[in-house]
Number of protein chains: 6
Amino acid sequence: MELTHFDSQGRARMVDVSAKEVTRREAVARGEVRMHPRTLALIKEGKMAKGDVLAVAQVAGIMGAKATASLIPMCHPLFISGARLDFQLDENNSRVLIEARVKTAGQTGVEMEALTAVSIAALTIYDMCKAVDKDMVIGEIRLVEKTGGKSGHYLREGEEQWGK
Amino acid sequence: MELTHFDSQGRARMVDVSAKEVTRREAVARGEVRMHPRTLALIKEGKMAKGDVLAVAQVAGIMGAKATASLIPMCHPLFISGARLDFQLDENNSRVLIEARVKTAGQTGVEMEALTAVSIAALTIYDMCKAVDKDMVIGEIRLVEKTGGKSGHYLREGEEQWGK
Amino acid sequence: MELTHFDSQGRARMVDVSAKEVTRREAVARGEVRMHPRTLALIKEGKMAKGDVLAVAQVAGIMGAKATASLIPMCHPLFISGARLDFQLDENNSRVLIEARVKTAGQTGVEMEALTAVSIAALTIYDMCKAVDKDMVIGEIRLVEKTGGKSGHYLREGEEQWGK
Amino acid sequence: MELTHFDSQGRARMVDVSAKEVTRREAVARGEVRMHPRTLALIKEGKMAKGDVLAVAQVAGIMGAKATASLIPMCHPLFISGARLDFQLDENNSRVLIEARVKTAGQTGVEMEALTAVSIAALTIYDMCKAVDKDMVIGEIRLVEKTGGKSGHYLREGEEQWGK
Amino acid sequence: MELTHFDSQGRARMVDVSAKEVTRREAVARGEVRMHPRTLALIKEGKMAKGDVLAVAQVAGIMGAKATASLIPMCHPLFISGARLDFQLDENNSRVLIEARVKTAGQTGVEMEALTAVSIAALTIYDMCKAVDKDMVIGEIRLVEKTGGKSGHYLREGEEQWGK
Amino acid sequence: MELTHFDSQGRARMVDVSAKEVTRREAVARGEVRMHPRTLALIKEGKMAKGDVLAVAQVAGIMGAKATASLIPMCHPLFISGARLDFQLDENNSRVLIEARVKTAGQTGVEMEALTAVSIAALTIYDMCKAVDKDMVIGEIRLVEKTGGKSGHYLREGEEQWGK
């Protein structure tokens, strides 16, 4: 087994995907921002009455997905053909759950785009709430599902479909 | 208590910091990438013999710190006067620990820059190892310390200084 | 009278502002998107019930303000210390009115940042509504007020203060 | 009729175009910068003798077209296969007319790229002339023609072909 | 013979490549950084013992390749399907040799991407060594080989294949 | 003597300049593009009659100067307070000479900005002429003069002042 991002001299490179097939691909990633209950309450109120942290985080996440190849050095540029972010307020565990779903038709997968979208959305939530809560923790950023491409279907164990 | 990123109409804005003092500020953030032990072993070998995932992640993290204001919508642009990333391989828990330390002299803090540096470094580790391990999880991204500025010294409880 | 962006050979340059004083500066710009009444109605409904074109346009406008120096060739980079966008739905004239207000402490003004914020917000409104209305027109993008700097206070005639 | 940029929950998303056909597409957009006659005269002279505002605006417009997807949140990234900007000095009405023509072969149209090119070119003209004229107004930015794609041919009424 | 980047009016444009065939294309570019022998010695030591200038330059070069279309005004955006940088320390002539190899499947070649990768890698070497050597010279940046596309195979005379 | 971009563990970092003095700084860099005489003739004609390669290269160089910190990993972001590019057509040696002059008031010098401006301008010349000449060589990119900052005045030997 080898880390394909390195050549035989041990230097990093952007792996050649010229010979890969162009197929429709989709990736789903998730993550969360854990916070004080009163911070979550402020987000919840804001969403309904006077401001919407999640609306800003959503725009940031989608723009982050498009910026992926300029941020991650060995990541191939590609055309995102669709992207969406969803949020859930989990009051029992005092956290915001984030899900990103990204599609493309290309030679490489969109895992990195989905994971980057979640990360940037989470950082945006942190930024917009940090005046009231510096203790927030961003975590559990992971690939949940991946379809298309030679490596086939990947489905992380123990993940439930989000009702929509 | 209010989320300062929203004005009285509830719309997002970039908060006016014109009247804030220019002071030296520093922020330290940490995070981790949890992975299969064999993935960690590949990183460790690569580092010494044939490739260095962490060297690439480090460059990506520092460049990510500089890109922060273009990624996080309400975040103020500022001049980073210094940035460094450090990594620890925690074999007991099969994870890579990441620490970013960012400095500036300005009117706003550099928490977001430090957190973004950690996030982009973590995503880069994921990208470079995903061919052998799709189950990695990025987590525990948090502010550890913050100095300078009116809000004073912030030190997260339970964090140990990294020996260097 | 000379166009200061050209040197004595007629070539474009970024004007040297090294000797200019650092002062607090603010600029206000406005513009509009004219559209079919039913498009305006969709924006208005969306805003309240099921989607918010203006929330996305606002984020885009603020991020556009930060991107100004990378878009306008001879424009100086600077630190924006505050930015906000406001919108008004003018149903009588079937248009969305946009106002951007940008602040800095620096050696050059922020007119271009305010004008760019309005332009990007307007383009975003166009993008999000173009599936139902390709006839929209973006117009009347203008500087309304400018304070700070050697050239003094500029106030465009005939502009009314927006109630807030 | 619905604003397709919103999902059923009212949140913005980047619309999925995976199933759309790849076709050759072209879009033409126009706009103008209105100014004092003496400003227009300076541009005209400069163009011939000692500097060329429009040459800089043209480069800015083409680079702006390429930056579109990073500026407009829900806009799909795509490959521009050709782009050109043309200008006309309309001395009767004391304004510079701008036309952008952008081509691609892809799954989405290039209206936004053409409109963005016109907007950035107009802002560049403003920037380069603002030392002598702060009263300039950018306006009438509109889609003039669009070919390719399922929605068919769009031709705005009342637009004349520019002689070339 | 004509410079194809200009239209019949002499204005720059991005040449229309819509009708060009999509083929696999590859370009190889080379360049060098000449320096004091002691600077080269520091790079060599660092590489083995305590730091790796070339590892940073390599990441910068690959990211530079991806940024090409945003830097070179009339350059078409395209999808890089693979990129690698190699370095040689030429102690006889006290210089670092740089080679970039870039691949795509598209309608335009990747010469500019390969040349930009070499340029950014060279600038990064300069940046990281300038504290000890301001006299370094970046030079001999040239296209070495180009395959694919209508213009056929280009091979620069007098270039030897790098052993790998 | 040490490469200051590495810390004591040998990892790259962005050097901390917080304690450096803010002074006015200027850097001058030069470079050249060597080409076939007929290519130089086309540039010369174009400049006067029907197109201006150098006008495009100049805009690209100035925008490149502003992009420096996003391209060179360990380079500090800073505010450019002025930038200009000049060109000379050296028909005796069949080459275009490029000079960039960049100013700032800050804690770090602008050598990298000046060198990057020259590099991007040279690449742009290559791009715009490559259809008629693939043999061009970019070379002799070097720092010519540097003023301001603790390290004092640097003046490269053997460089003549360009008459202007």
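Sequence order as written defines residue numbering, which begins from 1 separately in each chain. Chains and ligands are labelled by the order in which they are written, letters from A for the one and numbers from 1 for the other. pLDDT decides what is reported in this predicted model: residues at 70 or higher carry local features, side-chain atom pairs at 80 or more are listed and counted, and totals for whole chains, interfaces and linings draw on all residues regardless. Side-chain figures throughout are based on the complete set of non-hydrogen atoms in the structure, without hydrogens or water.

1. With respect to the nonpolar core
Generally speaking, a soluble globular protein has its nonpolar side chains buried in company with each other.
Stage number 1. Of all hydrophobic cores here, the largest spans 305 residues; its most connected members are Ile125(A), Ile125(B), Ile125(C), Ile125(D), Ile125(E) and Ile125(F).
Stage number 2. For Ile125(A), the contacting residues outside a window of four places in its chain are Val33(A), Met35(A), Ile43(A), Val53(A), Leu54(A), Ala57(A), Phe87(A), Val96(A) and Ile98(A). Take the buried Ala, Val, Leu, Ile, Met, Phe, Trp, Tyr and Cys residues and link them wherever side-chain atoms come within 4.5 Å; each set so joined is a nonpolar core. Note on classification: 1.4 Å probe, protein chains only; a residue is buried when its accessible area is under 20% of the maximum for its type, exposed when over 50%, partly exposed between these limits. Residue contacts follow a heavy-atom distance rule, with two residues in contact if any of their heavy atoms lie within 4.5 Å.

2. Things to note about the UniProt feature "active site" (unreviewed entry) in chain A
Stage number 1. UniProt positions are given in the numbering used here, feature names are shortened, and annotations may be inferred rather than shown by experiment. Taken from the UniProt record, the annotation "active site" (unreviewed entry) applies to Asp127(A).
Stage number 2. Here a helix means four or more residues in a row that DSSP labels H or I, a strand means two or more in a row labelled E, and each is numbered from the N terminus. Tracing the chain through its elements places Asp127(A) in helix H3 (residues 111–129).
Stage number 3. In this structure Asp127(A) comes out as buried when scored by relative accessible area, which is 2%.
Stage number 4. Sequence-distant contacts of Asp127(A), that is, excluding residues within four places in its chain, are made with His5(B), Ile72(B), Met74(B), Cys75(B) and Met112(B).

3. Section: unusual backbone geometry
Among all residues save glycine, negative phi is the norm, and among peptide bonds the norm is trans.
Residue and element names in this part refer to chain A.
Stage number 1. A positive phi is found at Ser94, a non-glycine position, where the angle reads about 50 degrees.
Stage number 2. Mapped onto the elements, Ser94 comes out in the loop between strand S2 (80–90) and strand S3 (95–106).
Stage number 3. Taking the relative accessible area as the measure of exposure, Ser94 reaches 11% and is therefore buried.

4. So, the relation of the copies chain A and chain E
What connects the two chain copies is a rotation about an axis and a shift along it.
Stage number 1. With an RMSD of 0.0 Å, the fit of chain A onto chain E corresponds to turning through 120 degrees and sliding 0.0 Å along the axis. In the structure described here, the two chain copies are related by an operation that fits a three-fold rotation axis.
Stage number 2. With a heterologous cut-off of 20% or less, the 4% of interface residues of chain A that recur at the interface of chain E puts this contact in the heterologous class. In superposing the copies, a least-squares fit is computed on C-alpha atoms, taking residues whose pLDDT is at least 70 in both.

5. Some details on the state of the cysteines
Stage number 1. We call a pair of cysteine sulfur atoms a disulfide when they lie within 2.5 Å. Applying the stated criterion across every chain yields a total of zero disulfides over all chains.
Stage number 2. As a non-bridged cysteine, Cys75(A) has Cys129(B) as the owner of its nearest cysteine sulfur, 14 Å distant.
Stage number 3. On the basis of relative accessibility, which here comes to 7%, the residue Cys75(A) falls in the buried class.

6. As for the environment of Arg34(F)
Stage number 1. For Arg34(F), the location among the structural elements is in strand S1 (residues 23–34).
Stage number 2. Using a relative accessible area of 25% as the deciding quantity, one classes Arg34(F) as partly exposed.
Stage number 3. Sequence separation between Arg34(F) and Arg95(F) is 61 residues, and the spatial gap between their C-alpha atoms is 4.3 Å.
Stage number 4. Not counting the four nearest positions on each side in its chain, Arg34(F) is found in contact with Glu140(E), Ser94(F), Arg95(F), Met136(F), Val137(F) and Gly139(F).

7. Describing the relation of the copies chain B and chain A
Stage number 1. Relative to chain A, chain B is turned by 180 degrees and slid 0.0 Å along the rotation axis, the superposed coordinates differing by an RMSD of 0.0 Å. Taken together, the rotation and translation relating the two chain copies correspond to the operation of a two-fold axis. Proximity to the rotation axis, assessed at the C-alpha, singles out Gly139(B) in chain B; its C-alpha lies 1.9 Å from the axis.
Stage number 2. Comparing interface residues between copies, 100% of those in chain B also lie at the interface in chain A; the contact surface is shared.

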